[in-house]
Amino acid sequence: MTETKTNAMWGGRFAAGPDAIMEAINASIGFDKRLARQDIDGSRAHAAMLAATGILRDSDVEAIRKGLLTVLSEIEGGAFQFSTALEDIHMNVEARLKEIIGEPAGRLHTARSRNDQVATDFRLWVRDQCDAAIAGLEALMRALLAQAEAGADWVMPGFTHLQTAQPVTWGHHMMAYVEMLARDRGRFTDARARMNESPLGAAALAGTSFPIDRHMTASALGFDRPMANSLDAVSDRDFALEFLAAASICAMHLSRFAEELVIWSSAQFRFVRLSDRFTTGSSIMPQKKNPDAAELIRAKIGRIFGANVALMMVMKGLPLTYSKDMQEDKEQVFDAADNLMLALAAMDGMVRDMTANREALERAAGSGFSTATDLADWLVRVLGLPFREAHHVTGSLVAMAEGVGVDLPDLTLSQMQSVHAGITEDVFGVLGVHNSVASRMSYGGTAPAQVRAQIARWKEILA
Ligand code: ARG
């Protein structure tokens, strides 16, 4: 058992210091040092308010203000000595402030607790991450828009069940991800707006008897307003969970796209070529160009959604208000945020660099009887067949083509007429993939004209 001297912050009640194991399980400084800037911003806002309300003398607050700036520059310059004995970022900063300015440092914690302090710091940090995610998403959306614009009318197979379904356009496929990422952006925007209330001044849990001005600190920190219930302010982490939920859904979208890139870049598909900058080689197989970035993006959902689940589990059984369990919120969110930003940046780079293989896309678009639906629609439109009968006739033609070993447009007119006598030469007009996509002019459809309209809309939104 190692015993250190009693704690400077609460030693009054304690005869002995903590066991080394207690210190190890209790300390958060190893990770919450990432909250240094937010912690000091919060302290500066709090101190300025304590002066404005006359709770502290101006001269003390001026010393605190200057001292905090010194601490911040020490931390940002890498000179700061973090101490595990001082447990967390809040006490590390305050202890150093005391070394620098002496007695007034002990007045900073008036009308405040580490409970509202950490809730404030963490909200500020997560709020920044929402902004970073939004910026990352917008960059990626722009990269997708550029791809969509270049290939608005390039044809490719559209899939259901990963089986050839109907021809679509490359631009349409890229724009599908723009829509998904736009909803992700919306989720971060919504979460940010909801979390933008200040816990500061809730103190330990009940508020304080000092005449503080919570509106002042809230606005100094860019919050819309103070949180209205002090118990809620120190005890919920739903803002972090909303961030993790939005991050999880976003990572899921990135993972699906990454999976497509893995498939598309394979020798069997050759739909896209990924750049050297976002692929790796093999140490034994010289021909290999592996889509490692895409694979890792695909995998990131694991830890990001894992963080979401982990924090949900931490929170689910906690009675109000603060419990030390909640210290376990940070590493999960830090890790999820770091990896989401990395995944967004890697996807952005990959999409920017990637080259779609127009010929391979077009060749694949016409295979697999992809225009069978167009043929059935033609039988309905021109010959007046009920759709169910048209479906049956088309099915027989597909079976015939499959038997002969050709694609639908390669059947002769007489072969077609042997299945349905009414078919005319005109049918060949709808069997081509370009006609097929051009005909899908319904709103949100794959016709190049529709795709271009969506590209224009998004360019305006993102301008
Ligand atoms: N390091 C702590 C955390 O992250 C700060 C709050 C500590 N409050 C307390 N009452 N022990 O949750």
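Bear in mind the structure is a predicted one, so any value in this text is a computation, not a measurement.

Novice: Looking at this structure, how should I read the packing of aromatic side chains?
Specialist: Under the counting rule described, the total for this entry stands at 10 aromatic pairs. With centroids separated by 5.8 Å and ring planes inclined at 70°, the aromatic side chains of F122 and F239 adopt a geometry described as edge-to-face. Within this pair, whereas F122 is found in helix α6 (residues 114-150), its partner F239 is found in helix α10 (residues 238-264), the two being separated by 117 residues in sequence. One aromatic cluster in this structure is built from F159, W170, W264, F269 and F271. Its end group placed over the ring of F334, R34 keeps NZ or CZ at 4.9 Å from the ring centre. Its end group placed over the ring of F122, K330 keeps NZ or CZ at 5.7 Å from the ring centre.

Novice: It is not clear to me how the pairing of strand β1 (residues 155-160) should be interpreted in this structure. Could you clarify?
Specialist: For a regular strand, side-chain orientation follows a simple rule: the groups alternate between the two sheet faces. The sheet contact formed by β1 and strand β2 (residues 163-169) spans 6 bridges and is antiparallel. What sits directly across from P157, in β2, is P167. The loop that links β1 with its antiparallel partner β2 comprises 2 residues; one of these, H161, has a positive phi angle of about 55°.

Novice: What am I meant to see in helix α13 (residues 358-366) here?
Specialist: For α13, every residue scored as buried is listed here: A360, L361, A364 and A365. Along the axis of α13, the buried residues cluster in a sector spanning 135°; they form a single face. The exposed residues of α13 that point more than 90 degrees off its buried face are E359 and R363. Downstream of α13 by a residue or two, G368 has a phi angle that is positive, lying close to 75°.

Novice: Sorry if this is basic, but what is going on with the packing of α6 against helix α12 (residues 329-353) here?
Specialist: The description of two packed helices rests on the angle between their axes and on the distance between the axes. α12 packs onto α6 with a crossing angle of 15° between their chain directions and a minimal axis gap of 9 Å. Classed by the angle they form, the pair α6 and α12 counts as roughly parallel. Crossing hand, α6 versus α12: left-handed. Classifying every residue of the contact of α6 with α12 gives 19 nonpolar, 3 polar and 4 charged.

Novice: Would you mind going over the pattern of salt bridges with me for this structure?
Specialist: Two side chains that carry opposite charge are able to pair once their charged atoms sit near each other. Applying the stated rule across the entire model yields 29 salt bridges. Between D60 and R57 there is a salt bridge, and its shortest N-O distance comes to 3.1 Å. What makes D60 buried here is its relative accessible area of 7%.

Novice: Just checking my understanding: could you explain unusual backbone geometry for this structure?
Specialist: Most peptide bonds adopt trans geometry, and most residues besides glycine take a negative phi value. L320 connects to T321 through a cis peptide bond whose omega is 0°. Positionally, T321 belongs in the loop between α11 (292-316) and α12. In this structure, L162 is a non-glycine residue whose phi angle is positive, near 55°. Note on placement: L162 falls in the loop between β1 and β2.

Novice: What exactly am I supposed to notice about the state of the cysteines here?
Specialist: By definition, a disulfide is the covalent link that joins the sulfur atoms of two cysteine residues. According to the stated counting rule, one finds 0 disulfides in the structure shown. With no disulfide partner, C130 has as its closest neighbouring cysteine sulfur the one in C250, 11 Å distant. Note on C250: relative accessible area 0%, which makes it buried.

Novice: How should I be thinking about the packing of helix α3 (residues 36-52) against helix α5 (residues 89-101) in this particular structure?
Specialist: In the contact formed by α3 and α5, the axes pass within 10 Å of each other and the chain directions differ by 60°. By the angle between their axes, α3 is oblique relative to α5. For α3 against α5, the interelement crossing comes out right-handed. Where α3 abuts α5, its residues A36, D39 and I40 lie against I89, H90 and V93.

Novice: Is there a simple way to think about a nonpolar patch on the surface in this case?
Specialist: A cluster of nonpolar side chains, namely F305, V309, M312 and M313, defines an oily patch on the protein surface of about 370 Å² accessible area. Tracing the chain through its elements places M312 in helix α11. Judged by relative accessible area, which is 41%, M312 ranks as partly exposed.

Novice: Please explain the site of the ligand as it appears in this structure.
Specialist: The full set of residues close to the ligand is S28, D32, D88, H90, R114, N115, V118, Y322, Q327 and K330. Here a nitrogen atom of the ligand and a side-chain polar atom of D88 are 3.1 Å apart. Residue R114 places a side-chain N or O atom 3.4 Å away from a nitrogen atom belonging to the ligand. Summarising the interface, the protein chains cover 86% of the accessible area of the ligand, which totals 340 Å² for the free molecule. Per-element tally for the shell around the ligand: the top contributor is α6, with 3 residues.

Parameters at a glance
Every chain's residues receive numbers from 1 upward, in the order its sequence appears when written. Selection of residues for local features in this predicted model requires a pLDDT of at least 70, selection of side-chain atom pairs for listing and counting requires 80 or more, and totals for whole chains, interfaces and linings are taken over all residues. To get the side-chain values, all heavy atoms of the structure are used, and hydrogens and water are removed first. Each pair of aromatic rings taken from Phe, Tyr and Trp, with Trp reduced to its six-membered ring, is defined by centres within 6.5 Å and is described as stacked if the planes are under 30 degrees apart, edge-to-face if over 60, and tilted in the remaining cases. Helix numbers and strand numbers start at the N terminus; a helix is a DSSP run of H or I with at least 4 residues, a strand a run of E with at least 2. Charge-over-ring placement is defined geometrically: NZ (Lys) or CZ (Arg) within 6 Å of the ring centre, and within 35 degrees of the ring normal. A pair of strands is considered paired only if DSSP assigns at least 2 bridges between the two. Categorising residues by exposure relies on relative accessible area from a 1.4 Å probe, with only protein chains included: less than 20% of the type maximum marks a residue as buried, more than 50% marks it as exposed, and the intermediate range marks it as partly exposed. Starting at the helix axis, one direction is taken to each C-beta atom, and the arc is that of these directions. Axis angles are defined between N-to-C directions and span 0 to 180 degrees, where every axis is a line fitted to C-alpha atoms and, for a helix, only to the segment in contact. What sets the label is the angle itself: under 35 degrees gives roughly parallel, over 145 gives roughly antiparallel, 65 to 115 gives roughly perpendicular, and the rest give oblique. Left-handed is the label given to a crossing in which the near helix is rotated counterclockwise from the far helix by less than a right angle, and right-handed is the label when the rotation is clockwise. Side-chain classes are defined by residue name, with Ala, Val, Leu, Ile, Met, Phe, Trp, Tyr, Cys and Pro counting as nonpolar, Asp, Glu, Lys and Arg as charged, and the others, Gly among them, as polar. Any carboxyl oxygen of Asp or Glu within 4 Å of a side-chain nitrogen of Lys or Arg constitutes a salt bridge here. The term disulfide is used for any two cysteine sulfur atoms that are within 2.5 Å. Should any heavy atoms of two residues lie within 4.5 Å, those residues are counted as being in contact. A residue counts toward a patch only above 30% relative accessible area and without a salt bridge, and it is joined to like-charged neighbours within 9 Å or, for Val, Leu, Ile, Met, Phe, Trp and Tyr, to nonpolar neighbours within 5 Å. Only the protein chains shown count as cover for residues, with accessible areas throughout obtained via the Shrake-Rupley method and a probe of 1.4 Å. Near residues are defined by distance, with any heavy atom within 4 Å of the molecule or strand qualifying the residue. In protein, a polar contact requires one atom able to donate a hydrogen and another able to accept it; more generally it is a pair of N or O atoms within 3.5 Å, and residues adjacent in sequence count only if both atoms are side-chain atoms.

Don't take any of this as a statement about function, it's just geometry.
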